[in-house]
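# Examining the three-dimensional arrangement
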Amino acid sequence: LDAIRKELPRVKVPGAYDAVHNDECLFSTDTPFAPDGIFVSLSDWRAYNAADVRTRAPAGQHLFLNLKFSRVPKQKPTSAEAAEAADPTKLAIGVEGGFDSDALEETIKTRSLFVLPQGVSVLLGDELPELILQACQAIEAHASVSDQASAVAWQEEVEVSQYAQGLEQLEGVKVSPDPSTWVCADCGVRENLWLNLSDGYIGSGRAQAFGAGGTGAALRHYEEMRQAGKEFPLVVKLGTISAQGADVYSYAPDENDSVKDPLLAQHLSKLGINVMALSKTEKTVTELQIDLNKAFEFDQIIESGRELTPLSDPGLCGLANLGNSCYMNSSLQLLFAIPETTERFLKPAAQWFDSAASDPAADLHIQLAKLAVGMLTERYACADAASAASSADCISPCILKALLGKGHSEFSSNRQQDCLEYLVHLLDRLERADKAEQPRIGRILSPAARAAELPPLFKFTTEERLQCGQSGSVRYIRNPSSFLSLPVPLEAATNLEAVKAAEAEEAAIESGPGSKKQRVSAETAAIESGPGSKKQRVSAGTIRPLVPLEACLSAYASEEVVEDFYSSATDKRGTASKNIRFATFPKYMLVQLKRYYVSDDWTPKKIEASVPMPETLNLESLRGTGLRPGEIALPDKDEQPRAAQAAAEPAAPNEEIVASLVLMGFSEIGSRKAALATGNTSTELSMEWVFAHMHEPDFNDPPVAAAATSAASPAVSAEAIEMLCGMGFAPAHATAALSQCADDVERAA
C-alpha cells in the first residue's frame, strides 16, 4: 500500500471526453478476453498486454487497471416455467420477447490493480485509496476511443423536446447531489436510474436488450402522474450528467424517444443538482446500442442454418463484427493473405513497435503490424478449432478502424460501405504514410521489407486507343489505375434460355386470374411439373444468369464508337473507335464487377448475376502494343474551335436532369453540379458523374458561379482538356467538368 500511495499524484480520473483505451492493447490485438487481459495505465489511460506493460509503458507509470474477462456457458433453465419464459415470442432479435443475442454465454469480469516494478496484482477493494477506486471505475465505465468515434458517427438525429421550454417543475423539491445516495424509489436498485425533471422522482428504467437492467418504475410513475392530470414527461439518466450534457428521454406519447433539453442545466439546478460538479460515470444509450450491435453474431442468420466447420490456424483468424464492418474485414483478410504483408509488417513487427512515436494509436504502420501478428501467427489461433466460433476468440481491430475512418465521412460511420472503395482508401492512406515515414522506414526496415511496399503491387496502366473515323489517325492514352472495373453482359449468360423461360413463366403467373394465394399455388405447380434440371425447376427469382468472367473481359476490351469526336487531324467533328488494353500488369489485380446500372425509368438497379471466378486467367491477349508501324498519330494541338465551344458552355444546369437525379435520391446541389459538369448532355451521363464523385467531401458544396470562377481562378489547362478529349469527351464537356473539379483530370473524368 505504501508503494501505491506514492503513485497517487500520477493517478488521473478520466473525464467524459478523454481518450481511454479500455478495449484493445496499443501494440497487440489483445483485449480484456485475452488470457492475461489488458493493463490500462492510471496515468494516461493507454492499454498494454501482459508483456508490453513491462517493456513499452512509459517510464514513471507504475499503476495499471488489469481488466480480465472470460465467457462461460450460461446454465440452462432448470424448471419448465423458466424454460418457457426464456422462449422467444417475437420474430425479433435482442429485444424483449425476441431471440437473445447473448443467450448461450455470460461474461465473467475480474478487475485488479497491477503495480510495477513489483509485478504485484491487488484485487480492487475498500483497502485501496478512494482515488484509485474512482479512477478504475471511471476507466472501465468509459467509452473507449473507438466507441467514442462510433458514437459520433452513429448518433441519430435527436430532436429538441417540445416540453422543455415550458416544463412544469414542482416548488421546493430537492434531490441529493451525492450520486451514492441515488436509488430507485420503487425497488432500491442503483443502476439504470432516471430522474424525473418535474417532481424529482428517481425510478429504474426499462430493461434493455443491451444489458441495462430495470423494472420500469420511472415509466410507471409518469403514467400514474398522467392519470392524475399531471404531465411530467422528461427524465434524465443519472450517471450520464456532465457539463457536456446527458441522456434525456420523453415519455410523452407524441414523442416517446430520446430528446434534447436545451434548458437541462437550469432544470437540474432547480432540483439542487449542479451539472458542473458531476462527471459521466455510465455509458449513454447510444454507446450501449453500439455495444449490442458489435456483440451480435450474424453467422447464424447469413449461413441459412448450414453446419459449418470452424477453422483456426495462422492466416485463418477471424475478425469480429465492429458494427457493419464486413467491408473492412473483407479488405483486411484480402490484404493480409499476400506474402508481401508478412515481409512488410509481420517479420519487422518488433522494429515497428520499437520505433513508436508519442501516440501509437495514430500510427498506421504500428496498427497494421500488430494486426499482422494477430492474423498471421499462432498467437490467436485456438488449439480447439471449435472454440474459434466464439467472438471472444476473434480479433477486434477497433483502433485501426477508428484510425482509418478518421476524417472520412463514410468510413467513420456505421453504414455499410463498398469493400473495394475501402481497400483503395486503405492503400491510399498507407501510400501517404509510407512517403511521410521514409526516414523511419529506411532506418528500421531491411532491404527486403523496404521493397515490399503494398500499394504499388495493385497498380497498373491501361492503354486507350482512339482511331479517328475521318482520317484514320490514332491516339494512345495511358491511364494509371489500381483496379479493373468490368461490365457484366447478361446476354453472354450460359443459362440464358433457362432464365428467360423462368421469367416468362413468372410473368404469366403474375398476370393470370385468381387471388394471390392461387397465383402462388399455380406457380408452385408449374415449377414442379416443368421440364429441365432441378436447378431449372425453381422460381425465376432464384435462377441467376451465369456469366463467364471471359465474357466480362471481352465486353471490357470490345471496340466502341465515340460520337461527336473532335479530330485534331481534320479539325472537324465525327466518330471514332475506342478500345482499351493493358500497358502494364500489376502483381495482384483487383477486379470489380459493375453490377449497378440505370434502368429505362432512370432508377438505379443492381444486376443479379453470378460470375464464377476461374483458378487461372491469361490476359496476354489484352496487352497493348503502343503506336504500331504504319499508324499515324493524331496531332497534339489546341484549336480555336475548342475555345469557342468552351465559351458556349451552359451557365445553368438542365432542370429536367436535376429533377430526375433528385427523384433518384441524390441531393439537389450534387445533381446540379453533375448536370453542369457533364454539359447537360443526358441524365445517364450525369448519373455516372454522381456515382464517381458522390463520396468527395465537397460533393454537396454549392457550385461556383461561372463568372466568379473565371475571375478568381485561371482557365483550365489545355493539357487537361486534351487528355479528356482523348478519352472521347467533347471539348465543351471536358472544360465544364475540369472547371468544376479544379482542373483535376481524374475527378473530372
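Every residue gets a number counted from 1 within its own chain, in the order that chain's sequence is written. Given that this is a predicted model, residues contribute local features only at a pLDDT of at least 70 and side-chain atom pairs are listed and counted only at 80 or more, while totals for whole chains, interfaces and linings are drawn from all residues. Hydrogens and water molecules were not included; the side-chain quantities draw on all heavy atoms of the structure.

Within the protein one finds 28 helices and 18 strands. Burial here depends on accessible area, computed with a 1.4 Å probe over protein chains only, as a share of the maximum for the residue type. Under 20% is buried, over 50% is exposed, and the range in between is partly exposed. Residue burial in the protein is summarised as follows: out of 749 residues, 44% are buried. We call two residues in contact whenever any of their non-hydrogen atoms come within 4.5 Å of each other. Partitioning the intrachain contacts of the protein with sequence separation of at least 6 by distance along the chain shows that 69% fall at a separation of at least 24. Per-residue and other accessible areas were derived by the Shrake-Rupley procedure at a 1.4 Å probe size, with only the shown protein chains allowed to occlude residues. Summed over its atoms, the accessible surface of the protein is roughly 38500 Å², and 53% of this surface lies on carbon and sulfur atoms. Under the DSSP-based scheme used, a helix requires at least four consecutive residues in state H or I and a strand at least two consecutive residues in state E, with every element numbered from the N terminus.

As for its placement among the helices and strands, Glu 410 is situated in the loop between α14 (398-405) and α15 (419-436). Placed 286 residues apart in sequence, Glu 410 and Glu 696 show a C-alpha to C-alpha distance of 10.0 Å. When neighbours within four sequence positions are excluded, Glu 410 is seen to be in contact with Arg 415, Gln 417 and His 695. Whenever a nitrogen or oxygen atom comes within 3.5 Å of another N or O atom, the pair is scored as a polar contact, on the condition that within protein one atom can donate a hydrogen and the other can accept it, and that pairs from neighbouring residues in sequence are kept only if both atoms are in side chains. Here Gln 417 takes part through its side chain, which lies 3.1 Å from a polar atom of the side chain of Glu 410.

Right, let's talk about the confidence of the model for the protein for a bit. Caution applies to low-pLDDT parts of the model: their predicted coordinates are not meant to be read in detail. Per-residue confidence for the protein gives a mean pLDDT of 81, with 77% of residues at or over 70. pLDDT runs from 0 to 100 and stands for how confident the predictor is about each residue. The low-confidence segment residues 89-95, where pLDDT is below 50, has 16 contacts with residues more than four positions distant or belonging to other chains. Counting contacts from residues 514-541, a segment whose pLDDT is below 50, to residues more than four positions away or on other chains yields 28 contacts.

This part takes up the packing of aromatic side chains. The way to describe two aromatic rings as a pair is by their centre distance and the angle between their planes. A pair of aromatic rings is counted whenever rings of Phe, Tyr or Trp (Trp by its six-membered ring) have centres within 6.5 Å, and the orientation is called stacked for planes under 30 degrees apart, edge-to-face for over 60 and tilted otherwise. Applying the stated criterion across every chain yields a total of 16 aromatic pairs. Consider the rings of Phe 27 and Tyr 48, whose centres lie 6.5 Å apart with planes at 20°: the pair is stacked. With Phe 27 in the loop between α1 (2-6) and β1 (38-41) and Tyr 48 in strand β2 (residues 47-48), this pair connects stretches of sequence that are 21 residues apart. Measuring from ring centre to ring centre gives 5.8 Å for Tyr 222 and Tyr 251, while their planes differ by 35°; the resulting arrangement is tilted. One end of the pair, Tyr 222, is in helix α6 (residues 217-227); the other, Tyr 251, is in the loop between β9 (248-250) and β10 (257-259), and 29 residues separate them in sequence. Here the aromatic residues Phe 27, Tyr 48, Phe 64 and Phe 353 are joined through ring pairs into a cluster of three or more. Seen from the ring of Phe 69, Lys 109 lies directly overhead, with NZ or CZ sitting 5.1 Å from the centre. Counting as a charge over the ring demands two things of the Lys NZ or Arg CZ atom: a distance within 6 Å of the ring centre and an angle within 35 degrees of the ring normal.

Basic side-chain nitrogens of Lys or Arg form a salt bridge, by our definition, when they fall within 4 Å of a carboxyl oxygen of Asp or Glu. Across all of its chains, the model carries 26 salt bridges by this definition. Across the salt bridge formed by Arg 56 and Asp 52, the nearest N and O atoms sit 3.4 Å from each other. Of the charged contacts, one joins Lys 270 and Glu 171 as a salt bridge, the two residues approaching to 3.0 Å between their closest N and O atoms. Taken together, the positions of Lys 270 in helix α7 (residues 264-270) and Glu 171 in the loop between α5 (145-154) and β6 (193-196) put the pair 99 residues apart, joining distant regions of the chain. Bridged by salt links that share partners, the residues Asp 52, Arg 56 and Asp 354 form one connected network.

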